[in-house]
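Topology and contacts: notes
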Amino acid sequence: MIPLTILTLGIYMNYWVHVNAIAINRRFGCEQVSMKIVWAYWAVTGFTFALVTDLILTKVYEPHLIDSMMQFVDKVHIVFTLIVAFAIRGGLDAMLPIEAPNNQRFKGLWTFLFNVFYLQWKVNRHLESGVFQPAE
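Counting restarts for each chain: residues are numbered from 1 in the order of the written sequence. Predicted model: local features are reported for residues with pLDDT of at least 70 only, side-chain atom pairs are reported and counted for 80 or more only, and whole-chain, interface and lining totals are derived from all residues. Side-chain numbers come from the whole structure's heavy atoms, not from hydrogens or water.

Looking at the overall build of the protein
Defined as follows: Here a strand is any run of E in DSSP of at least two residues, a helix any run of H or I of at least four, and the numbering for each starts at the N terminus. Type-normalised accessible area, obtained with a 1.4 Å probe on protein chains alone, sets the label of each residue: buried when under 20%, exposed when over 50%, and partly exposed for intermediate values. Any two residues whose heavy atoms approach within 4.5 Å are treated as being in contact. Per-residue and other accessible areas were derived by the Shrake-Rupley procedure at a 1.4 Å probe size, with only the shown protein chains allowed to occlude residues. Under the counting rule used here, the positive set is Lys and Arg, the negative set is Asp and Glu, and His together with the chain ends is not counted. In this description, the location of a charge corresponds to atom NZ of lysine, CZ of arginine, CG of aspartate or CD of glutamate.
Of the regular secondary structure elements, the protein holds five helices and zero strands. Reading the protein from its N end, one meets helices and strands in the order α-α-α-α-α. The principal-axis extent of the C-alpha atoms belonging to the protein is close to 55 × 25 × 25 Å. A burial count over the protein gives 33% of its 136 residues as buried. For the protein, restricting intrachain contacts to residue pairs at least 6 apart in sequence, the fraction spanning at least 24 positions comes to 57%. A total of about 8700 Å² of accessible surface is found on the protein, and carbon and sulfur atoms cover 67% of it. The protein carries 10 positive and 9 negative side-chain charges, and their two centres are separated by 8 Å.

Here it is as structure tokens:
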């Protein structure tokens, strides 16, 4: 996941969130993870890319304007990343059996620090141990 995220300049992370939100919602038969949040995350990422591309292509260089806009967009993107990561975390945690031990649960601190990278690592461990079954 890390190489794909780097290679795609972060777009793979959006794809990962989208695919997992759909899988979780399909598993529960309802909207466990709000697709409005997922689409808002896509919009914020698209706006970030559009802003950076516009600044590069127009070669406008006003340090104060660029710095303030990028700081604002970065903060909004971080907030949306955390919202989406915790929404996915809640859906994945709900997929665990009720009697699952605490060490199989998805931890909030690790989700906060490493976001979807931690979630994918934990999903991989659950797939290897048989806690989760591969999608059909």
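Some details on the packing of aromatic side chains
To keep things clear, this is the line we draw: A pair of Phe, Tyr and Trp rings is counted when the ring centres sit within 6.5 Å of each other, with Trp represented by its six-membered ring. The angle between the planes then sorts it: under 30 degrees is stacked, over 60 is edge-to-face, the rest tilted.
The full count for this structure, using the stated rule, is three aromatic pairs. Ring centres of Tyr-12 and Tyr-15 lie 5.8 Å apart, and the angle between their planes is 40 degrees; this geometry places the pair in the tilted category. Separated by three residues within a single helix, Tyr-12 and Tyr-15 lie in helix α2 (residues 11–28), roughly one turn from each other. On the basis of relative accessibility, which here comes to 47%, the residue Tyr-15 falls in the partly exposed class.

Thoughts on the nonpolar core
Test applied: Buried Ala, Val, Leu, Ile, Met, Phe, Trp, Tyr and Cys residues form a nonpolar core when they are joined through side-chain atoms within 4.5 Å.
Counting residues in hydrophobic clusters, the biggest one holds 21 residues, and the most contacted among them are Val-17, Val-33, Ile-88, Leu-92, Phe-106 and Leu-119. Counting only elements with at least two residues in this core, the list comes to α2, α3 (35–58), α4 (63–95) and α5 (108–129). Broken down by element, the residue count for this core peaks at five residues, all from α2.

What to know about the environment of Val-38
Tracing the chain through its elements places Val-38 in helix α3. With relative accessibility at 1%, the residue Val-38 sits in the buried group. Put simply, Val-38 and Leu-92 are 54 residues apart on the chain and 15 Å apart in space, counted from C-alpha to C-alpha. Other than its neighbours up to four places away in sequence, Val-38 contacts Val-17, His-18, Ala-21 and Val-33.

Things to note about the environment of Val-84
Summarising the element assignment, Val-84 is placed in helix α4. Sequence spacing of Val-84 and Asn-102 is 18 residues, and the spatial spacing of their C-alpha atoms is 22 Å. Contact partners of Val-84, with chain neighbours within four places excluded, come to Val-17, Ile-37 and Tyr-41.

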